[in-house]
Amino acid sequence: MDKTYYVYLLTNWDNRVMYVGVTNNLERRIYEHKNKLVDGFTKKYNVEKLVYFETASDVLAAIEREKQIKKWRREKKNQLVAGTNPEWKDLSLEWE
């Protein structure tokens, strides 16, 4: 059975704080972030707006991509988001 993994970027309301994560269930994970169900960085800094995600079929590839993006300077992360979501809209709003 094939699985899908997601590398995703979240930001806060004014796009100043950015978080990179990986999950096998993007909708559930974003729900957890938005409802402050997970203690840590995203809860502390109110980071809950999904602005970018990509998929991978291999968990190791997804984790490696997450690590790669985390090492990037903010400018490069901004370019990644702007390339597919130039208005920095919350992509998870489409799920409601």
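Data block above holds the structure.
Structure report, in brief. From a predicted model like this one, the values you see are computed outputs, not experimental measurements. Per chain, residue numbering runs from 1 following the sequence as it is written. In view of the model being predicted, local features appear only for residues whose pLDDT reaches at least 70, and side-chain atom pairs are presented and counted only at 80 or more, with totals across whole chains, interfaces and linings using the full set of residues. Based on all heavy atoms of the structure, the side-chain values leave hydrogens and waters out of the count.

Our next topic: the sheet that holds strand 2 (residues 18–23). Each strand in a sheet pairs with another by means of backbone hydrogen bonds, the pair being arranged parallel or else antiparallel. Strand pairing is defined by DSSP finding a minimum of two bridges between the two strands. A run of DSSP states H or I qualifies as a helix once it reaches four residues; a run of E qualifies as a strand once it reaches two. Both are numbered from the N-terminal end. Taken together, the three strands give an open sheet; going across it, the order is 2-1-3, and neighbouring strands pair in antiparallel fashion. Of all strands in the sheet, those bounded by a partner on one side alone are strand 2 and strand 3 (49–56). If you compare each strand with its neighbour and ignore which way they point, the axes differ by 20° on average. Relative to strand 3, strand 1 (residues 5–11) is paired through seven bridges, and the arrangement is antiparallel. The residue bridging Val 7 from the neighbouring strand is Glu 54, located in strand 3. Helix-sheet contacts for helix 1 (residues 26–34) involve strand 1, strand 2 and strand 3, and the interaxial angle to strand 1 is about 25°. Orientation is described by axes fitted as lines to C-alpha atoms, over the contacting stretch for helices, and by angles from 0 to 180 degrees between their N-to-C directions. Residue contacts are counted whenever heavy atoms from the two residues lie within 4.5 Å of one another.

Bringing helix 3 (residues 59–71) into the picture now. Given a rise of 1.5 Å per residue, 13 residues ought to cover 18 Å, and the 19 Å separating the end C-alpha atoms of helix 3 matches this to within 8%. Those residues of helix 3 hidden inside the fold are in contact with strand 1, strand 2, strand 3 and helix 4 (74–84). Counting of polar contacts relies on pairs of N or O atoms within 3.5 Å, with two restrictions inside protein: one atom must be capable of donating a hydrogen and the other of accepting it, and residues adjacent in sequence are counted only when both atoms are side-chain atoms. Its side-chain oxygen 3.2 Å from the backbone nitrogen of Leu 60, Asp 58 forms the N-cap of helix 3. Take the number of residues in a helix, subtract one, and multiply by 1.5 Å to get its expected span.

It is worth spelling out the packing of aromatic side chains at this point. Two aromatic rings, drawn from Phe, Tyr or Trp (for Trp, its six-membered ring), form a pair once their centres lie within 6.5 Å of each other, and the interplanar angle then sorts them: stacked below 30 degrees, edge-to-face above 60, tilted otherwise. Tallying each qualifying case throughout the model produces four aromatic pairs. Summarising the aromatic geometry, the rings of Tyr 6 and Phe 53 are spaced 6.3 Å apart at their centres and angled 65° between planes, so their arrangement reads as edge-to-face. Here Tyr 6 is found in strand 1, whereas its partner Phe 53 is found in strand 3, with 47 residues between them in sequence. Residue burial is assigned from relative accessible area. The probe radius is 1.4 Å, only protein chains are included, and a residue is buried under 20% of its type maximum, exposed over 50%, and partly exposed in between. What makes Phe 53 partly exposed here is its relative accessible area of 35%. With a centroid separation of 6.2 Å and an interplanar angle of 20°, the aromatic rings of Tyr 19 and Phe 41 are classed as stacked. In this pair, Tyr 19 sits in strand 2 while Phe 41 sits in helix 2 (residues 41–44), placing the two residues 22 residues apart along the sequence.

Note that every value here comes from positions in space, so none of it alone points to a role or purpose.
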